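The primary structure of each chain is shown beneath.
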Amino acid sequence: MTDTDLATAYLADVRARFAAVRHSAERAAAQVDERQFFATLDPESNSIATVMKHMAGNLRSRFTDFLVADGEKPDRDRDREFEVDPADRRETIEGAWTAGWSALESALAALAPSDLLRTVRIRGEPHTVLQALQRQLAHHAMHGGQIVLLAKHWAGASWRTLSIPRGGSAAFNAGMAKKA
């Protein structure tokens, strides 16, 4: 395998991993109602709405003009991402979420294997594109997991699993073995 093959494989995988994080978070959030979307476990906790606002702001900031501008855009107000304004609506937050993911997807689609060792900056700190992508994937996987946890908590008994249901591992593994 050449370096270019490895870089191409990495880019395909990182696109798929980001898509999986988005898909899980969206499927989880779809299982809660408006009240639950904005609910917090305690005064120090974030709601699903807050986590989605933060992820949306982060994605837009980091991936707009990804290769040429600092990933912390001057117009980003990160602190406000953690505040739910009484005027906030689920549709608005979900619209910002979609726009943020679109910025990421556009940036990823534009990357070539030769870009992975280029330098980008986040808050002035240099990162290779590879490092910046890994940093963002870890960040968004963590927050995506928070959305899933909160949605599962709020949905309670009506929760529909996002993966293998409890007690279903043996059947799942047997099905996978048949495909091999």
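All of the points below concern the structure found in this document. Owing to the predicted nature of the structure, the values given are computational and were not obtained by experimental measurement.

### Here's the deal with the packing of aromatic side chains
Turning to step 1, where the next piece is worked out: Within the structure shown, the criterion is met by five aromatic pairs.
Turning to step 2, where the next piece is worked out: With centroids separated by 6.4 Å and ring planes inclined at 70°, the aromatic side chains of Phe 18 and Trp 101 adopt a geometry described as edge-to-face. In this pair, Phe 18 sits in helix α1 (residues 3-29) while Trp 101 sits in helix α5 (residues 90-110), placing the two residues 83 residues apart along the sequence. Across this residue pair, the class does not change: Phe 18 and Trp 101 are buried.
Turning to step 3, where the next piece is worked out: When the ring of Phe 63 is compared with that of Phe 66, the centres are 5.0 Å apart and the planes differ by 40°; the resulting orientation is tilted. We note that Phe 63, like Phe 66, is buried.
Turning to step 4, where the next piece is worked out: In textbook terms, an aromatic cluster arises when at least three aromatic residues are bridged by ring pairs, as seen for Phe 18, Phe 63, Phe 66, Trp 97 and Trp 101.

### Topic: the pairing of strand β1 (residues 119-122)
One face of the sheet, then the other: side chains in a regular strand alternate in exactly this way.
Turning to step 1, where the next piece is worked out: Burial along β1 is one-sided: the face carrying Val 120 and Ile 122 is buried and the face carrying Thr 119 and Arg 121 is not.
Turning to step 2, where the next piece is worked out: Alignment of β1 against strand β2 (residues 125-128), held across four bridges, turns out to be antiparallel. The residue bridging Arg 121 from the neighbouring strand is Pro 126, located in β2.
Turning to step 3, where the next piece is worked out: In textbook terms, the turn of a hairpin is the stretch between consecutive antiparallel strands, and for β1 and β2 this stretch comprises two residues, one of which, Arg 123, has a positive phi near 55°.

### Regarding α5
Turning to step 1, where the next piece is worked out: Counted at 1.5 Å a residue, the expected span for α5 with its 21 residues is 30 Å, and the 30 Å between its end C-alpha atoms agrees.
Turning to step 2, where the next piece is worked out: Considered for burial, the residues of α5 that qualify are Arg 90, Ile 93, Trp 97, Gly 100, Trp 101, Ala 103, Leu 104, Ala 107 and Leu 108. All buried residues of α5 lie within an arc of 150° about the axis, which places them on one face of the element. Pointing more than 90 degrees away from the buried face of α5 are the exposed residues Glu 91, Thr 92, Ser 106, Ala 109 and Ala 110.
Turning to step 3, where the next piece is worked out: Buried residues in α5 make contact with α1, α2 (34-38), α3 (48-63) and α6 (129-155).

### Looking at unusual backbone geometry
Turning to step 1, where the next piece is worked out: The phi dihedral of Asp 65 is positive, around 55°, even though this residue is not glycine.
Turning to step 2, where the next piece is worked out: As for its position among the elements, Asp 65 is in the loop between α3 and α4 (78-81).
Turning to step 3, where the next piece is worked out: Of note, the phi angle at Arg 123 is positive, near 55°, even though the residue is not glycine.
Turning to step 4, where the next piece is worked out: Relative to the assigned elements, Arg 123 resides in the loop between β1 and β2.

### Here we look at the nonpolar core
Turning to step 1, where the next piece is worked out: The biggest cluster of nonpolar side chains holds 42 residues, and the ones touching the most others in it are Ile 48, Phe 66, Leu 133 and Ile 147.
Turning to step 2, where the next piece is worked out: Put simply, the parts of the chain that give this core at least two residues each are α1, α3, α5, β1 and α6.
Turning to step 3, where the next piece is worked out: The residues touching Leu 133, leaving out its near neighbours within four places in the chain, are Tyr 10, Leu 11, Val 14, Phe 18, Phe 63, Phe 66, Leu 108, Leu 111 and Leu 116.

### Looking at the pattern of salt bridges
Turning to step 1, where the next piece is worked out: One pass over the full model with this rule turns up 12 salt bridges.
Turning to step 2, where the next piece is worked out: The salt bridge involving Glu 105 is made with Arg 22; its shortest N-O contact spans 2.8 Å. Within this pair, whereas Glu 105 is found in helix α5, its partner Arg 22 is found in helix α1, the two being separated by 83 residues in sequence.
Turning to step 3, where the next piece is worked out: By relative accessible area, which is 39% here, Glu 105 ends up partly exposed.
Turning to step 4, where the next piece is worked out: For Arg 22, a relative accessible area of 15% puts it in the buried group.
Turning to step 5, where the next piece is worked out: Linking Arg 80 and Glu 83 is a salt bridge whose minimum nitrogen-to-oxygen distance equals 3.0 Å.
Turning to step 6, where the next piece is worked out: One network of salt bridges, with partners in common, ties together Arg 62, Glu 72, Arg 76, Glu 81 and Arg 123.

Reading guide: rules and limits
- Residues numbered from 1 in each chain as written.
- Predicted model: local features only at pLDDT ≥ 70, side-chain atom pairs only at ≥ 80, totals over all residues.
- Heavy atoms only, no water.
- Phe/Tyr/Trp six-rings, centres within 6.5 Å; stacked < 30°, edge-to-face > 60°.
- Helix = DSSP H or I, 4+ residues; strand = E, 2+ residues; numbered from the N terminus.
- Buried < 20%, exposed > 50% of the residue type's maximum accessible area, 1.4 Å probe, protein only.
- Pairing = 2+ DSSP bridges.
- Expected span 1.5 Å × (residues − 1).
- Arc of directions from axis to C-beta.
- Contact = heavy atoms within 4.5 Å.
- Core = buried A, V, L, I, M, F, W, Y, C linked by side-chain atoms within 4.5 Å.
- Salt bridge = Lys/Arg side-chain N within 4 Å of Asp/Glu carboxyl O.

Distances and angles like these do not, on their own, reveal function.
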